[in-house]
Structures are given as structure tokens and as C-alpha cells.
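Spelled out, the chains give:
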Amino acid sequence: KYLKNLPKLSGASGEISITPLTFQAELQSGNIKSIPITKGYLQMTKDNFNIWNSELNFQGVGDNYTILEILNHDPLNIVDKFGIKPYQVSGISLSKVKLEFPVRTDLNLNMIDFSISSRLEKFSVRDIYNNLSLSDAEMVLQASKKNLENFGMGKLNNVNANILWK
């Protein structure tokens, strides 16, 4: 319930280990919405100041719309921050997500460090800007709290293009 606004992990299997200073859960399989999660772990560590910090990593393969929808829930709202709406995109991706955050009840995006790396296939974005649309793209997306970069090849309004989007 800690990240209560994020979609829930279901059908999970894995292992958990606990010590007085650590909690570690290693995920072998599970689903978030319709996205199969093939690898993942959560590690929580108590520091010298008696504060718990967390690192969450997971990898999923699925449709871009659903993956972006997952990342756009409170407290992350990652997609809105970069001006993209999940309903604008289509295609498939293999995405690796890493989140680092303190264990706090008032958690918000400013407290979360994140990195995302995705291999996008058959990637499309409708109406990026002034009726400009991207289609049939094969791209790599890399995002963090302060940066978004997307590069590869695709079609802009049906014209082949090399693309670098920052």
C-alpha cells in the first residue's frame, strides 16, 4: 500500500530475505496490468541515520500505451512531465525501470530518482506537434528525472527520418 496509486503487481513469484537492516524481494515473474514482468527486485536498506531507502528495478515487455500508462500514475507522473500522453502512442517495447526513493508516507516525484531504458518497436506517436506524427519507428528511449532522449529511425508524416528527440 506504500505506493498505493501505482498499479498493483499480480501473479508474482520470487524470493524474499529479511535482516534487521535490509529487506530484499527478488521477482521471478508477475504482471502489472497486462505487462508481464520478467525480472525485478526491491531492496530496502536502513542507513546509519535509521532511515529506510529503497531501490526498485523491473523489466517488462508489452504495448507502449500500457507501459506509459503504468509510469504515469501518482506519485511518478513521468509521462506527463515530458508532454506525452499514453493515448498518443502505439507499438511494443522492452522496458527496464529503476526507481530509488526514501521510504516515506509523503512520497512525491521530487523524492524519486528514476531511470528508464526502452527498446521501442513499431513505435508511433500521433500528433507530436502541429499535426506532425511519427510512425514505423525503431528507437531507443532513455529517460531520467531530468532528461528524456529518444533516438532511432522512423517516419515523420510518412517520410523516412533519422530521429533524435531530446
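Residues numbered from 1 in each chain as written. Predicted model: local features only at pLDDT ≥ 70, side-chain atom pairs only at ≥ 80, totals over all residues. Heavy atoms only, no water.

1. Considering the sheet that holds strand E7 (residues 132–144)
In space, the nine strands of this open sheet follow the order E1-E2-E3-E4-E5-E6-E7-E8-E9, with antiparallel pairing throughout. What marks the edges here is a single partner per strand, and that holds for strand E1 (9–18) and strand E9 (159–165). In this sheet, adjacent strand axes meet at a mean angle of 15° when their direction is disregarded. Across seven bridges, the pairing between strand E8 (residues 148–156) and E9 is antiparallel. If you follow Lys155 over to E9, its bridge partner there is Asn160. Relative to the sheet, helix H1 (residues 64–71) contacts strand E2 (22–32), strand E3 (35–46), strand E4 (52–63), strand E5 (89–102) and strand E6 (113–129), its axis offset from that of E5 by approximately 25°. (Pairing = 2+ DSSP bridges. Helix = DSSP H or I, 4+ residues; strand = E, 2+ residues; numbered from the N terminus. Axes fitted to C-alpha atoms, helices over the stretch in contact; angles between N-to-C directions. Contact = heavy atoms within 4.5 Å.)

2. Observations regarding the environment of Thr22
For Thr22, the location among the structural elements is in strand E2. Excluding residues within four positions of it along the chain, Thr22 makes contact with Ser17, Met44, Thr45 and Trp52. Here the side chain of Thr22 touches Thr19 through a polar contact of 2.7 Å, side chain to side chain. (Polar contact = N/O pair within 3.5 Å; in protein donor to acceptor, adjacent residues only side chain to side chain.)

3. A short note on the environment of Thr66
On the secondary structure map, Thr66 appears in helix H1. We classify Thr66 as buried; its relative accessible area is 9%. Separated by 20 residues in sequence, Thr66 and Pro86 have C-alpha atoms that sit 7.5 Å apart. (Buried < 20%, exposed > 50% of the residue type's maximum accessible area, 1.4 Å probe, protein only.)

4. Here's the deal with the pattern of salt bridges
Counted by the stated rule, this structure contains six salt bridges. Two residues, Glu69 and Lys33, come together in a salt bridge whose shortest N-O distance is 2.9 Å. Taken together, the residues span a long stretch of sequence, with Glu69 in helix H1 and Lys33 in the loop between E2 and E3 at a distance of 36 residues. We note a salt bridge from Lys166 to Glu149, for which the minimum N-O separation is 3.5 Å. Pair noted here: Lys166 is in the segment after E9 and Glu149 is in strand E8, with a separation of 17 residues, a long-range link. You can call Glu149 buried: its relative accessible area is 18%. (Salt bridge = Lys/Arg side-chain N within 4 Å of Asp/Glu carboxyl O.)

5. Here's the deal with unusual backbone geometry
Although it is not a glycine, Asp136 sits at a positive phi angle of roughly 50°. Examined against the element boundaries, Asp136 turns out to sit in strand E7. Positive phi is not limited to glycine here, since Asn157 has a value of about 45°. Assignment of secondary structure puts Asn157 in the loop between E8 and E9. Relative accessible area serves as the criterion here: at 41%, Asn157 is assigned to the partly exposed category.

6. With respect to the nonpolar core
Membership of the largest hydrophobic core comes to 31 residues, with the highest contact counts inside it found for Ile116, Phe123, Leu134 and Met139. Elements that contribute at least two residues to this core include exactly E2, E3, H1, E5, E6, E7 and E9. Those residues in contact with Phe123, other than ones at most four positions away along the chain, are Asn64, Val89, Ser90, Gly91, Leu134, Ser135, Asp136, Ala137, Met139 and Asn150. (Core = buried A, V, L, I, M, F, W, Y, C linked by side-chain atoms within 4.5 Å.)

7. Some points on H1
The buried fraction of H1 amounts to six of the eight residues, a majority that puts the element mostly inside the structure. What H1 keeps buried is the set Asn64, Thr66, Ile67, Leu68, Ile70 and Leu71.

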